[in-house]
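Chain by chain, the residues run as shown.
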Amino acid sequence: DGPGGDLPQSRTEGGYRTGFTNVIATSSGKEMTIAHSSNSFTADSGAMFLNWRANKGTGAWTQYPMAFASSPNNDTWSKACSSGDTVYVICHGTGVQDPPVPLYGQDGPILFSRSVDGGLTWPILRQVIPEIDSNFYKGFGGDSYFIDAQGENVAIVFGDLDTDMGLLKSTDGGLNWTKTVIVTMPIPNFDFDTDYTDIDGDGINDTLLTGSGDATILIDHSGRVNIWFSLAEWWRDSTNAAGELYAPLTDGLYYWNETMATDSFQLIAETQDYNGNGIIDFPADTTCARPYGRYGWSATSRPSVGIDASGTMYVTYMALIESADTAFFKQMHTHQYVITSPDN
C-alpha cells in the first residue's frame, strides 16, 4: 500500500504480451491502451492491441486484439492521442524485419488510423498518408514520429536520419493533409541499400546534418503546432556496407513552430559545461571504446512535452552530464532535465 492506493494485482492486457503502450482517456470517460503485441491473432505474427474499460480508473479491462488486424500485419511502435471521443493512432507498418518485407512500397511506412466513436469502429484503418508515401521516402525507422490532436486539427511530426523531418497537418480529422518540411534531407528518397552521402555527385562522401528521429509535437491552446527535436551528423560511404556512421556528440535541442520557415529553428538547450573549463569532459578511463555511450541520438535529445491549463509548456529532455561519469561501464551517463515556457 502507498499514498496512491493498492498496487495493481493483475495485468490489464490479460495473457497478451504487449509493448510501447499509449494510455488514452476519452471525453465520455473511457480509458484505453494501444500497444503492439507479438501474439498471433491471425495467420500474421501480431497487430496493434486495443484494450479498454468503460470508466477511467475503475472496472475490468476488456481486450480487443482484432481491432487493428488485417493482412499482412506486424505493426509496431504506435503513438496515439484522443480529442473528445475521437482516437487517432499512427504506427510503424510491418515492424522492423530482417530481411525487410516492404509494405505499400516502403520498408516501414507510417500508418494512420482513426475512430470517431471511442474505439468501437475504425473506418480509417492503417492508411498510408500520400504526402509521405513511397513517392517521397523509402520508409521510416520505428518511433520516428509523434502525433497530437485538438478537435479535428491533427498534427504529425515525422522524420529519420535518411528522410526529411516534417509536419503533416490536417484540419478535417485526417481526411486531407498538408506537408511542411522542417529539416531538409539533402538527398531525396535516400536508400541505405544503394546510396551514399555524396550530395553533389563529385565522388566524395559528404557529412549530413538531419533530424535524428526523436521529434515530439504539441498543439498549443491557440491551435499552433510546436515541435522539439535534436539533429545528428552522419554519413554513409562505400567502405561502410553495414550502414551509417554518425557523430554521437552532435549537440543541441531545437524548437520550431508554424511561424518559422523550413530549415529555420531555434536552439533552446545543450550539454552543460558544469566546471566552466570551456569543454565537455569525458571519463579519463579509456577501458570503454566509447566513453560517452551510444544512445542513438545526439548528446542532448529525446524531448517529451506537455502543457497545462494556463498555456505553460513543459519540456523534458536528456543530456550527457560531466558529473555522471561513474565507474559503471567507464562511460558518461545522462540526466533528465525540465524546462518551461509560460509565454508561447
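Notes on the structure follow. Nothing here was measured: the structure is a model prediction, and the numbers come from that model.

## Thoughts on the pattern of salt bridges
What the rule picks out here adds up to six salt bridges. For Asp143, the salt bridge is made with Lys79, and the minimal N-O distance between the two is 3.0 Å. Of the two residues, Asp143 is situated in the loop between β8 (124–128) and β9 (145–150) and Lys79 in strand β5 (residues 76–83); the sequence distance between them amounts to 64 residues. Take Lys79: its relative accessible area is 15%, and that puts it in the buried class. A salt bridge links Arg224 to Asp220; the nearest nitrogen and oxygen atoms lie 3.2 Å apart. Taking the relative accessible area as the measure of exposure, Arg224 reaches 17% and is therefore buried.

## Concerning the sheet that holds strand β19 (residues 300–307)
Pairing within the open sheet is antiparallel, and its three strands lie in the order β19-β20-β21. Edge positions in the open sheet fall to β19 and β21 (334–341), since each of these has one partner strand only. Strand-to-strand, the axes of this sheet are offset by a mean angle of 20 degrees, without reference to chain direction. Sheet topology note: the strand β20 (residues 313–320)/β21 ladder contains eight bridges and is antiparallel. Residue pairing in the sheet places Val315 in a bridge with Ile339 of β21.

## Concerning the packing of aromatic side chains
Within this structure, the stated rule accounts for 16 aromatic pairs. On the numbers, 4.9 Å between centres and 50 degrees between planes, the contact of Tyr16 with Phe49 is tilted. Taken together, the positions of Tyr16 in the segment before β1 (18–25) and Phe49 in strand β3 (residues 48–53) put the pair 33 residues apart, joining distant regions of the chain. For Tyr16, a relative accessible area of 25% corresponds to the partly exposed category. Exposure remark for Phe49: the relative accessible area of 1% places this residue in the buried category. Between Phe68 and Trp122, the ring centres sit 4.7 Å apart and the planes meet at 50 degrees, which makes this aromatic pair tilted. Residue Phe68 is found in the loop between β4 (62–64) and β5, and its partner Trp122 is found in the loop between β7 (110–115) and β8; the two are separated by 54 residues along the sequence. There is no split in this pair, since Phe68 and Trp122 are both buried.

## Focus on the pairing of strand β11 (residues 165–170)
It is a general feature of regular strands that their side chains alternate between the two faces of the sheet. Among the six residues in β11, five count as buried, and that is most of the element. One ladder, built from five bridges, connects strand β10 (residues 153–158) with β11; its direction is antiparallel. From the neighbouring strand, Ile156 faces β11, where its bridge partner is Leu168. Across five bridges, the pairing between β11 and strand β12 (residues 178–183) is antiparallel.

What counts as what
Residues numbered from 1 in each chain as written. Predicted model: local features only at pLDDT ≥ 70, side-chain atom pairs only at ≥ 80, totals over all residues. Heavy atoms only, no water. Salt bridge = Lys/Arg side-chain N within 4 Å of Asp/Glu carboxyl O. Helix = DSSP H or I, 4+ residues; strand = E, 2+ residues; numbered from the N terminus. Buried < 20%, exposed > 50% of the residue type's maximum accessible area, 1.4 Å probe, protein only. Pairing = 2+ DSSP bridges. Axes fitted to C-alpha atoms, helices over the stretch in contact; angles between N-to-C directions. Phe/Tyr/Trp six-rings, centres within 6.5 Å; stacked < 30°, edge-to-face > 60°.

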